[in-house]
Amino acid sequence: MAFLRKRNYSTVKVRKRDMPDGLWLKCPSCNEIIFKQELEAALNVCPKCGHHFQIGRRQRLDLLIEPGSFEEWDAQLYSVDTLGFTGVAPYLEKLEENRKKTGCRDAMLCGRARIGAHRAAIGVMDFNFLGASMGSVVGEMVTRLIERATRERLPALISCASGGARMYEGMLSLMQMAKTSGALARHAEAGLPYISLLTHPTTAGVMASFATLGDVIVAEPGALIGFAGPRVIKEATQQDLPAGFQRAEFLLQHGLLDMVVPRKDLKAAIVRLLDFMMGRPAGAPAPKPAAPAEA
Amino acid sequence: MPPYILPFEKPILDMEKKLEDLRAFSQAQNIDVSFEIERMQNKITEMRREIYENLGAWDKVLVARHPQRPYMLDYLAAMTTDFTELHGDRVHADDRAIIGGFGWLEGRRVMFIGTQKGRDTKSNLERNFGCAYPEGYRKALRLMKLAAKFGAPIVTLIDTPGAYPGIESEERHIAEAIAVNLRDMFRLPVPIVVVVIGEGGSGGALGIGVGDRVLILEYSYYSVISPEGCAAILWKNRSYANRAAEALKLTAPDLLKAGLVDEVLPEPPGGAHADPAAMSATLKAALLRNLEELDATPVEQLLEQRYNKFRAMGVFGEDAAPAPAASPAPAS
Ligand SMILES: [Zn+2]
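What counts, and at which threshold
- Residues numbered from 1 in each chain as written.
- Chains lettered and ligands numbered in written order.
- Predicted model: local features only at pLDDT ≥ 70, side-chain atom pairs only at ≥ 80, totals over all residues.
- Heavy atoms only, no water.
- Axes fitted to C-alpha atoms, helices over the stretch in contact; angles between N-to-C directions.
- Helix = DSSP H or I, 4+ residues; strand = E, 2+ residues; numbered from the N terminus.
- Parallel < 35°, antiparallel > 145°, perpendicular 65-115°, else oblique.
- Left-handed = near helix turned anticlockwise from the far one by under 90°.
- Contact = heavy atoms within 4.5 Å.
- Nonpolar A, V, L, I, M, F, W, Y, C, P; charged D, E, K, R; others polar.
- Domains from an automatic or database assignment.
- Buried area = accessible area lost by both parts, 1.4 Å probe.
- Phe/Tyr/Trp six-rings, centres within 6.5 Å; stacked < 30°, edge-to-face > 60°.
- Buried < 20%, exposed > 50% of the residue type's maximum accessible area, 1.4 Å probe, protein only.
- Lys NZ or Arg CZ within 6 Å of the ring centre and 35° of its normal.

## Some remarks on the packing of helix H5 (residues 170–189) of chain A against helix H14 (residues 299–311) of chain B
Phase 1: Relative orientation of the contacting elements H5(A) and H14(B) amounts to 140°, with a least axis distance of 8 Å. Relative to H14(B), the element H5(A) lies oblique. In the crossing of H5(A) with H14(B), the sense of the turn from one axis to the other is left-handed. Contacts between H5(A) and H14(B) involve Met175(A), Ala178(A), Lys179(A), Gly182(A), Ala183(A) and Arg186(A) from the former and Leu303(B), Glu304(B), Tyr307(B), Phe310(B) and Arg311(B) from the latter.
Phase 2: Residues that form the contact of H5(A) with H14(B) fall into these classes: six nonpolar, one polar and four charged.

Written out as structure tokens, the structure is:
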């Protein structure tokens, strides 16, 4: 696959459509004007304040797996307008618009790849496609991914991002929460590890299903993570939201997350988790015993 | 409590007023108009039947939210003997919007779990308008596991606008509480019958909604988002809720047609609130029938069927051969 060809430099290449035009852009967090090339070289993390910009599926995949090891699964699935949803913006128009925008059929990329020494089932949600909302296709792809991981006795990793359920598919989209969770029940029963990686933003129906069912839940710094959106909560409660509410660091403190890991360290962290949960693969060097603490 | 009148029930109210006037007149003048009265009563019954047979999706949402609609505790009072409520999630608190406990249904042990709304300001505050916090979902799972331990089937009764979107809900991880329920309900080795008795509000409803049978009352709804919420997002205006309600295909017959529920329980003319006793009898009979069928199913088969039931939900297109991701198929 073209996007996985070997490169002679170590940074992840950003496709043009992931960024607005121009050589410079403003960090939404620190308002610093950043040279785009500098941002790209830093994995789309603001060199000044550490703000993690959203990245597309290919870039995310490159970040997490060994180069050239990806075999894509279930790319043949596509969404249909089963309810005939019209209204202000018909579903079919929205789908077409997002297919053109991303060059992808829907919000999910699935397959098998090597992560460190491990073969793993990996899923990546792409917020650029309709806010990575979960409809029948996303739900089916996640379910097939987990079912196949169970059959092939693979650990699973899903990089999550989502605005929630895909309203245009009505109750079918809600039921994807049950379907994906059911598949994970079987994967767990087979004693296989599942790591959930939460990226900005992961909310609603995805959050209330496979995103929070990880044996280990990892998040990127600053990611918005929650069930209801902050605006909805403010409206419903008429209360001011606490500082840092629903951000990754807040959720680490409140006990939901196992760890918050900066983008540049993600892969190493995931490899360490898999090493432990899968047992160190044959032939791998034993870890050096930790240096004794200074006496 | 004064009767609560839905907009489309107004003609019924007008007729009932005329009937009352006629009765008062007959009494005051000592004139026998019993024939007229009977004719009018029949007309009212006919009118109620006709109006309810032609309700639109939004009208049904209003019926599902009717403040005199029977709630979980009303059905338990009518259907069960010796209901023993069990409290608390053993972690944080006792949620009052999701309740549960042991009950007997015609001599059969059942773990009842469900959402409960209030009927007035005071009880609505206690019940948080039927919107549960994480501890409600965690209590529900605790009780389900208890039922599994003693081999008792589980019946969940759902009537909630949704899980509570509050600060504390997020601080105690309501999403995780719901997700764990979804996952673990797939593995509970006892029959589970789910009934949507009023509002089936999104993830908050589904959080106790995985089962072997999913039933829904005729004028209940079950939706991924409230019609108002959908209207606000897709029409940029909450007042389009009626249009959103139609578009979401959230009514009981729509859901049955889509294979998302197994059975629609007919409501009495004028809705469950017009005749709670009749509705309770219908519900009880349906529960007994379904529990009996499920009882005969071996556990392994039960879990396999439960998985396959939800596994089959989803409508999408699929090409025969994997296509390059960059060339989307023409949507059909
Ligand atoms: Zn910055």
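## As for the domain arrangement of chain A
Residues and elements named next belong to chain A.
Phase 1: Once the domains are mapped, chain A shows domain 1 (22–53) and domain 2 (54–277).
Phase 2: Spacing between the C-alpha centres of domain 1 and domain 2 amounts to 24 Å.
Phase 3: The partner domain 2 presents nine residues to the five residues of domain 1 that form the contact.
Phase 4: Together, the buried faces of domain 1 and domain 2 total about 600 Å²; carbon and sulfur atoms form 55% of this surface.
Phase 5: Looking only at domain 1, the three residues that lose the most surface to domain 2 are Leu43, His52 and Phe53, adding up to 84% of its buried area.

## A look at the domain arrangement of chain B
Residue and element names in this part refer to chain B.
Phase 1: Taken domain by domain, chain B consists of domain 1 (7–54) and domain 2 (62–311).
Phase 2: The straight-line distance from the C-alpha centre of domain 1 to that of domain 2 is 36 Å.
Phase 3: Counting residues at the interface gives five residues for domain 1 and eight residues for domain 2.
Phase 4: Here domain 1 and domain 2 share an interface that buries about 530 Å² over both sides, 72% of which is from carbon and sulfur atoms.

## A word on the packing of aromatic side chains
Phase 1: Tallied over the full model, the rule gives ten aromatic pairs over all chains.
Phase 2: Measuring from centroid to centroid gives 5.5 Å for Phe85(A) and Tyr168(A), while their planes differ by 75°, and the two rings are edge-to-face. Of this pair, Phe85(A) sits in the loop between strand S4 (77–79) and helix H3 (91–102) while Tyr168(A) sits in the loop between strand S7 (156–162) and H5, placing them 83 residues apart in sequence.
Phase 3: According to the relative accessible area criterion, Phe85(A) is buried, its value standing at 1%.
Phase 4: An aromatic cluster of three or more residues is present, and its members are Phe85(A), Tyr91(A), Tyr168(A) and Trp235(B).
Phase 5: Above the plane of the ring of Tyr307(B) lies Arg186(A), whose end atom (NZ or CZ) is 3.6 Å from the centre.
Phase 6: Note that Arg119(B) overlies the ring of Tyr71(B), its terminal NZ or CZ placed 4.1 Å from the centroid.

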